[in-house]
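Structural description and commentary
Spelled out, the chains give:
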Amino acid sequence: QEKTLKIGLSNGFVGSEWRTQMIEEAQAAAAAWAEKGVKVEVVVQSGNVDVQGQIGHIRNFINQGVDAILINPGSPTAFDPVFKQAKARNILVVATDAEVSSKDAIYVGIDQKAWAAQSAQWLADALEGKGNVVAINGIAGNPANEARVAGYKEVFAKYPDIKVLNEANASWDQAQGQQAMQNLLATYPGINGVWVQDGMADGAWRAIEAAGKVKDIAATGEIRKDFMSRWDAEKFNSAASVNPPGVMASALNVAVLKLQGKEFKDGIFGGTYGNAIYIPIPFVSGDNLSENLKNAEGKPGYWSVTATVSPEQAAEFFK
Amino acid sequence: MANALEAAGITRIFGAVRALADARLTVAKGEIHALLGANGCGKSTLCKIVAGAVAPTSGVIHLNGEEARFRSPRDAERAGVALFYQELSLIPQLSVADNILLGREPKRGLFVDRKALNTLAAGLIALFDGVAGDGLVPDAITGELPPDQRQIVEILKVFAQNANLMIMDEATAALDGRQSQRFFDILKAKKAEGISTIMISHRLDEVFAVCDRITVMRNGMTIAELDTATTTREAVVHAMVGDVRAAAAKSVTSARQLPSLSVTDAQSGAVRGVTLNAYAGEILGLAGLQGQGQSALLKGLFGSEPFFSGTIEFENAKLNIRKPSHAVFQGFAYVSGDRGRDAAFQGRSIFENLVAALTVRERMKLVRPATLKPRVNKVAQDMKTKFAGLDMPIGTLSGGNQQKIFISRWLATSPKLLLLDDPTKGIDLGAKADLFALMRQQAEAGATIIFYSSEDSEILDYADRILVFNAGRISAELTGANMTSVNMTRAAFGDAA
Amino acid sequence: MTALSLLRKQPWLITLFVLIVLAVVNTTLQPSFVEPSVLQSNLTTFLPLILVAIGQTYVVLAGDIDLSVGSIVALANVVTATVISALDGSLAAIFAGMGAGLAVGIICGLINGLFISGLRFQPIVTTFATGIIFAGLAIWVMPQAGLPVPEAYWQTYSENVLGIPVVAWVLVAGIAFSLLVSRLPFHVHLLAVGGNRTGAFQTGLRLGGIRIGAYVISGCFAALAALCLTGETASGDPLLGASLALSSISAVVLGGTALSGGFGSSAGSIVGALVLGMIGNVIFFAGLSFEYQTLVQGLIVLTALAGGVFVTRR
Amino acid sequence: MTTMTSRITALVTDPLTIAIGASVILLLVGETLSPGFAQGDQIVKLLTVAAILGIVAAGQNLVILGGREGIDLSVGAMISLGAVLAGNMMSGQNSGIPLAILVAGAVPFLIGLINGIGVTFVRIPPLVMTLGMTAVIQGGLVVYSQGVPSGAAAPLLAGFINRPLLFGIPGVLFVWVGIAAVMLFVLRRTAFGFAIYAIGSNERAATLVGLPVPLIRTLIYGFSGLFAGLTGVCVIGYTGTSFISVGDQYVLPSVIAVVIGGTSLAGGAGGYIGTMAGAVALTILQSVLITLNLDVWARQIIFGVTLLALMLLYGRQKKLRV
Ligand SMILES: Nc1ncnc2c1ncn2[C@@H]1O[C@H](COP(=O)(O)OP(=O)(O)OP(=O)(O)O)[C@@H](O)[C@H]1O
Ligand SMILES: Nc1ncnc2c1ncn2[C@@H]1O[C@H](COP(=O)(O)OP(=O)(O)OP(=O)(O)O)[C@@H](O)[C@H]1O
Ligand SMILES: [Mg+2]
Ligand SMILES: [Mg+2]
């Protein structure tokens, strides 16, 4: 009888359904392993905690003696010492959603910069390379936010006729996104494009609708079912890079394979810190919107478009 | 030899209020000097200016011939001035010893020397040995002490400063006769050491017994400086308030009807089995030393500190009074002498302060100022309360006028039973006379009135009947010709009359 | 003295009892809890809150409150990391960085104290506002988390000195500070200022100095917490410590200090902070499903507060 | 003469005047920095946002007026709760609106009563009680929202908040005016309102005139929950969907709106008109900061400094040496 693989999962933010879906998909992935005869037990610690609280999570996992730790980290660098301690106990650490600098951990997830660049490129194309753009960002200083900002800046820099008028911050909060957009629309009557991330896009589009400018503005969107339904019905000129909640499940699949003793292929790691395995970033645009909506049938309104690296796909990362 | 204090031309304006117009105060070395005047005439303000707690608008102060400009009480303390604050300056959470020596703790190295602190405090407390009552020990928590002991702590705090000039702003207001006597003995001893004292009091007996000279103020101005030896009460009172009102006549006790209030074997913390009757139309006085259960009886009747056992019958109905609202609905009213703590809604208007009890008594849902204002205004006017308008904040009134507002608050409810717990504490002669006239008026209109006073003379002068308390029990009932100071004192100390 | 009156004077004894219960429960759930390495690792987690709570206590005792401690932690952390890397990262640079971090804490505390005591600003809103400013400065100093500190710094932090972990030394120093200060006249004066501000003024105490002093202590301990966090996270992060302000207040109250001022002790707050930390720990090892963790934690904290206050209320 | 000057002084230092003055100055600053900011249309939108803050601040106002360090930090979680509950009751259907309002009002009201009981009878300091309750509500929301669709605003409600109803003014502003009328009536013309001021000013004296102090204090925490729940309904109308941290951003602004509106944190003094002006001033300030093309740290510092400047004008404590 094989031993059960014990995997700790640390999540530091409970305010969004995306995170809930992320955890649930990881638990589902663990259940799927069981059907293949591999017992995987996922221990979750989830709460509204800061970096320090998440370090506490990791310490608890270490003290409990898990085999691997999955984390959606709140900081790129802050976990270096604690990951080192985990490594010293022979615990595998896999971060997802935001990259970490520790050489004692690996990252399995999307390239946040590319994620932003993808939708910024769509926006640039939609504007045919010229126009006035505003951006609504998340929380300044947050690593994912900074990577994304770098991503869209890089794209817009290639278009001298695209002018970024203003960049507001709305804390990834839908209502604040709506309020910010409303203020921006009032101040800059000539806005052609909006680059906005995640749930704030829903708010921004509401402000655009309220201002009666749906026809005049192209703006990035998001990937929750509710939003996609409106997008479809109101014919928004929109597109969205998908940050799939399934990243945690992907990380789990990679971790299980690694715990089973497989070796990573040479040269598979890249990214900012040389420890990342980037996975594909789906994209929702007018072209495949109806397809995505069909997939979402029967799901709750907050359900996000997702994608998971299956165990078979994950096996590709290994020798 | 220079005077201990010479304050001249002191003025102080608070917004629109001219608290001091031209105050002058001269105190010689080693004298006990009385500062007298009606409520709100500026005594406390003048003293606080001398002690650095209030800034003067103009004026000059000389201490021992040298000009003094204090920017804080700290400066004054350094110059040897100590003030007993009328509202007390104690920290309720701290121990008695910490309070007495606050800011001048004995130290051992960097740390507080607890042992020395307690010894020093115990030494000071010993000054009131035998009269302070139980529980006044260095490590008692000050906030848990009864009012008279807190007042003693404030006095000791002044003594601890070893000042050359002590200012006692109504330091005896909450003390009983023996405590006051001890206090005066100490003052006289200090006087012998050359220490000067300014004493504010509304009790002329005390003033004439211990003070050498008297300064009288009216409306922020010093209007008379008198020698105690060569002046008379009448002269002083006239200087203070202009005219003296006659004391209210006692009721001619006719054959008693059935009692309106009967209390049987009431027990609570400080009440140890009290049975009494009170009659409509009479003013019943509660006497005895401080803290013998008089206040507790009144609080028990009003439900703010309910009795553990015993029965209360009022107008032939047995009552179960567990909280003040029960009492209010029965038509009871309670006036406390501790108005700052028990009565004042600071920051609110005079009107709001006046209608508070009325809204409860009449179970109002809506408050209509248009109809209520004339009603309460009349009551307040009947008490000769001085105020600029009903919408002014209560804090713009002097203590005495505030107290009149708090009494009017209850009179507006036309109470059937009026409970007064040392209601004249710190109010001036004029106001006092007004108050007793009003009590008489209420009694004649059929109300039952029970009052306690820390001043024996008030009880002797105004009560129709007296119950003397000792250790939570009634030790004597005095009526008619038996109502004498001697009988009262004997009963107070436990000798049944 | 009866047990109840002892509890009234030292309400944190109840919290201590709760702590012991939690420790016993935790040991049952997680037998390794008493191993030195596990104790050390838990202490490392709890330490920043303990330190911030010690500092917060003095402000609360004086009748004020400091909501800016979280931002001070962030600012001190990024300044420390920036100074260390701007210099050469040598040992001297590490000390310079730590000094700079402490200076930040002291200056922030001084600013709070001057506004509140000097200009008579309302403490809650003022420290909320200065907290926003300090957080803004932290982002200005370091726009994004990063900038690793030298290994010597964080290695030392996780090691032993004279056979005892550095974190334990810090805790001992915190307790010693708390005990020493409780015997200074300053402490009595602090209680006086918090218990009856007018009375304290009339008594001639230097109110300004005392209240500013409390804020400076609070800022200083926030900076110390930042130095510990820097040792724990080995880097700078402008968003660090955001939760510390409110949880430090919970710790202070759990430790038996009156939020209205005038009564309590920082020793109690240490126990309060340990209880808060242990609650999270117990919940984890109880194996609760993740959906219930926040709820149960909230309920336990609320119950602990209610119980403590209920037993000791006057 | 003196009374004239003192009246002018009183007017100039009146919190209401200051809050309104601050609003006008901020509007002018906004208009100068980015023309179009102070257009009629935009002002209506700003007021809509201010209305949402103003409604939650009404409850906060009552709690703070009630004294004994009254403050309700759980309003954020209650707003989220109200929004999630309302969303689930409506599920996008107009017919669900009445039930949504009922449930989203009643549940936070009951939780508010629990806050009140903790504060009043157990004597837990309000700051800590409501902070603890925040964690409990958030935890409860995580449990509750499991697998349950978090719902959506009914079109009628969304239109009521976001689109003009009469004279180009959205319905929510009329609701705010209505709430203001009720607040003013309750505080100035009812025994309950007088009692709130009384217990906030001197709890002991309030007990001694026979007021049911514990009941009143418990109720005002209940009302704070009620207002927060209704704010949640507005928020879901504004944003269309709800999520479980949607209310977090309102907690401290609700306190600040009350304080810069001239209500004393010590209780017993202040009123709702000032709070309304405070909510408007705060909303305009936040908007101006969004429109300013500045780095985020600079925006934060300007926000903090502006708050301090407002404190300087009137949020100050009494002098000890008078
Ligand atoms: N801080 C203040 N603000 C406004 N008015 C004040 C202040 N202090 C005193 N006053 C006013 O100054 C006047 C004098 O007050 P003061 O306290 O000196 O009277 P007093 O002689 O001590 O009266 P009492 O016998 O009642 O103690 C009063 O009318 C009072 O209203
Ligand atoms: N800090 C203050 N702010 C406003 N008013 C004050 C202040 N201090 C004192 N006063 C006012 O000064 C007046 C007199 O003050 P004080 O407290 O000395 O009166 P009092 O001695 O209690 O009156 P009485 O002797 O009649 O009982 C009162 O009207 C009081 O409200
Ligand atoms: Mg006086
Ligand atoms: Mg007086």
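Per an unreviewed UniProt entry, chain D carries the name Sugar ABC transporter permease and comes from Pararhizobium polonicum. Per UniProt, the comment on chain D under Subcellular location (unreviewed entry) is "Cell membrane".

The name given to chain B in an unreviewed UniProt entry is Sugar ABC transporter ATP-binding protein, with Pararhizobium polonicum as the source organism. Its UniProt record gives chain B the following Sequence similarities (unreviewed entry) comment, quoted word for word: "Belongs to the ABC transporter superfamily."

A complete count under the given rule lists 38 salt bridges over all chains for this structure. Taking the shortest distance from any N to any O, the salt bridge between A:R59 and C:E232 comes out at 2.9 Å. Highlighted residues: A:R59 in helix α2 (residues 51-64) and C:E232 in helix α11 (residues 207-233), drawn from two different chains. Exposure class is identical for A:R59 and C:E232. Each is buried. Here C:E151 and A:K84 are joined by a salt bridge, their closest N and O atoms 3.0 Å apart.

Residues and elements named next belong to chain C. Taking 1.5 Å per residue as the helical rise, helix α2 (residues 12-29) with its 18 residues ought to reach 26 Å, and the 25 Å between its terminal C-alpha atoms agrees with that figure. When we look at burial in α2, the residues that qualify are I14, T15, L19, L22 and N26. Burial along α2 is one-sided: seen end-on, the buried residues are contained in an arc of 145°. In α2, the exposed positions angled more than 90 degrees off the buried face are occupied by F17, V24 and T28.

All names here are of chain B. Q86 (NE2) and E170 (OE) make up the full set of protein donors to the magnesium ion (ligand 4), lying at 2.1 to 2.2 Å. Taken as an interatomic distance, the gap from the magnesium ion (ligand 4) to the magnesium ion (ligand 3) is 3.6 Å; Q86 donates to each of them. Placement of Q86 in the loop between β6 (81-84) and α3 (96-100) and of E170 in the loop between β9 (165-169) and α6 (177-192) is noted, with a sequence separation of 84 residues between them. Under the relative-accessibility criterion, Q86 is labelled partly exposed at 27%. Note on E170: relative accessible area 7%, which makes it buried.

Turning our eyes to something else, we now look at the sheet that holds strand β14 (residues 272-278) of chain B. All names here are of chain B. Here we have four strands laid out as an open sheet, ordered β14-β13-β16-β17, and antiparallel in their pairing. Each end of this open sheet is capped by a strand with a single partner; those strands are β14 and β17 (317-319). Going across the sheet, the axis of each strand differs from the next one's by a mean of 15°, ignoring polarity. One ladder, built from five bridges, connects strand β13 (residues 261-267) with strand β16 (residues 309-314); its direction is antiparallel. Note on β16: the bridge partner recorded for S262 is E313.

On to the site of ligand 2, then. All names here are of chain B. The full set close to ligand 2 counts 15 residues, and N39, Q86, R339, L397 and G400 are the nearest of them. Q86 is positioned with one of its side-chain polar atoms (N or O) 2.3 Å from an oxygen atom of ligand 2. Note that an oxygen atom of ligand 2 is positioned 2.7 Å from one of the backbone N or O atoms of G395. Computed on the free molecule, ligand 2 has an accessible area of 610 Å², of which 66% lies beneath the protein chains in the complex.

Once that is clear, we can look at the side chain of B:R465. Residue and element names in this part refer to chain B. With respect to the helices and strands, R465 occurs in strand β21 (residues 465-470). Separated by 2.6 Å, the side chain of R465 and the backbone oxygen of N277 make a polar contact. Engagement of the side chain of R465 in a polar contact is seen with the side chain of E477, the distance being 2.9 Å.

Further remarks concern the sheet that holds strand β15 (residues 283-288) of chain B. Residues and elements named next belong to chain B. Pairing within the open sheet is mixed, and its six strands lie in the order β18-β19-β20-β15-β21-β22. Of all strands in the sheet, those bounded by a partner on one side alone are β18 (332-336) and β22 (473-479). Neighbour-to-neighbour, the strand axes of the sheet open up by a mean angle of 20°, direction not taken into account. Across five bridges, the pairing between β15 and β21 is parallel. Counterpart to G285 in the pairing with β21 is I466. Against the sheet, helix α14 (residues 399-411) contacts β18 and β19 (417-421), and its axis sits at roughly 175° relative to β18. Along the sheet face, helix α17 (residues 485-492) touches β15, β21 and β22 and points at about 30° away from the line of β21.

All names here are of chain D. Together, F160, L165, L166, F167, F174 and V175 make up a nonpolar patch on the protein surface, roughly 570 Å² of accessible area in all. For the nonpolar patch, the secondary-structure elements that each account for two or more residues are β1 (164-166) and α8 (171-189). When you line up the elements, V175 lands in helix α8.

What follows deals with the pairing of strand β10 (residues 237-241) of chain A. Residue and element names in this part refer to chain A. With four of its five residues buried, β10 lies for the most part within the structure. Looking at chain direction, strand β9 (residues 218-220) and β10 are connected through three bridges and run parallel. What sits directly across from A218, in β10, is N237. Note that the unit made of β9, helix α8 (residues 225-234) and β10 has a crossover that is right-handed. Bridge count for β10 against strand β12 (residues 283-285) is three bridges, and the pairing is antiparallel. When the sheet's bridge partners are listed, S241 is paired in β12 with F283.

Let us now look at the site of ligand 1. Around ligand 1, a shell composed of 17 residues is seen, among which B:G40, B:G42, B:K43, B:S44 and B:T45 lie nearest. Mapping the residues near ligand 1 onto chains gives chains B and D. Within the side chain of B:K43, one N or O atom sits 2.5 Å away from an oxygen atom of ligand 1. Summarising the interface, the protein chains cover 77% of the accessible area of ligand 1, which totals 620 Å² for the free molecule. Listed by contribution, the elements that provide at least two residues to the shell around ligand 1 are β2 (17-27) and α1 (43-50) of chain B. Counting residues per element, the shell around ligand 1 draws most heavily on α1(B), at three residues. The residue inventory of the shell around ligand 1, partitioned by class, reads six nonpolar, nine polar and two charged.

With 44 residues of chain C at the contact, the number on the chain D side is 44 residues. Of the roughly 4000 Å² buried where chain C meets chain D, counting both sides, 79% is carbon and sulfur surface. Between chain C and chain D we count zero salt bridges in total. Mapped by element, the contributors of at least two residues to the side of chain C that touches chain D are α5 (91-118), α6 (123-141), α10 (197-202), α11, α12 (244-254) and α14 (290-312) of chain C. At 14 residues, the largest contribution of residues to the side of chain C that touches chain D is made by α6(C). Taken together, the residues of the side of chain C that touches chain D sort by class into 30 nonpolar, nine polar and five charged.

Attention now moves to the domain arrangement of chain B. All names here are of chain B. On domain assignment, one finds that chain B holds domain 1 (5-241) and domain 2 (253-492). Domain 1 and domain 2 are separated by 30 Å when their C-alpha centres are compared. Each partner contributes residues to the interface: domain 1 has 19 residues there, and domain 2 has 16 residues. With both sides pooled, the region where domain 1 packs onto domain 2 buries about 1400 Å², and carbon together with sulfur makes up 52% of that total. If you look at where domain 1 meets domain 2, you find zero salt bridges. At the boundary of domain 1 with domain 2, the tally comes to one residue pair in polar contact (both at pLDDT 80 or more). When residues of the side of domain 1 that touches domain 2 are traced back to their parent elements, those giving at least two are α5 (147-160), α6 and α8 (233-241). Within the side of domain 1 that touches domain 2, the residues separate by chemical class into nine nonpolar, four polar and six charged.

Calculation criteria
Residues numbered from 1 in each chain as written. Chains lettered and ligands numbered in written order. Predicted model: local features only at pLDDT ≥ 70, side-chain atom pairs only at ≥ 80, totals over all residues. Heavy atoms only, no water. UniProt positions renumbered as here; feature names shortened; annotations may be inferred. Salt bridge = Lys/Arg side-chain N within 4 Å of Asp/Glu carboxyl O. Helix = DSSP H or I, 4+ residues; strand = E, 2+ residues; numbered from the N terminus. Buried < 20%, exposed > 50% of the residue type's maximum accessible area, 1.4 Å probe, protein only. Expected span 1.5 Å × (residues − 1). Arc of directions from axis to C-beta. Donors = N, O, S within 2.8 Å, 3.2 Å for Na, K, Ca; no water. Pairing = 2+ DSSP bridges. Axes fitted to C-alpha atoms, helices over the stretch in contact; angles between N-to-C directions. Near = heavy atom within 4 Å. Polar contact = N/O pair within 3.5 Å; in protein donor to acceptor, adjacent residues only side chain to side chain. Areas by Shrake-Rupley, 256 points an atom, 1.4 Å probe, with all protein chains shown as cover. Contact = heavy atoms within 4.5 Å. Patch = residues over 30% accessible without salt bridge, like charges linked within 9 Å, V, L, I, M, F, W, Y side chains within 5 Å. Right-handed = clockwise from strand over helix to strand, strands pointing away. Nonpolar A, V, L, I, M, F, W, Y, C, P; charged D, E, K, R; others polar. Buried area = accessible area lost by both parts, 1.4 Å probe. Domains from an automatic or database assignment.

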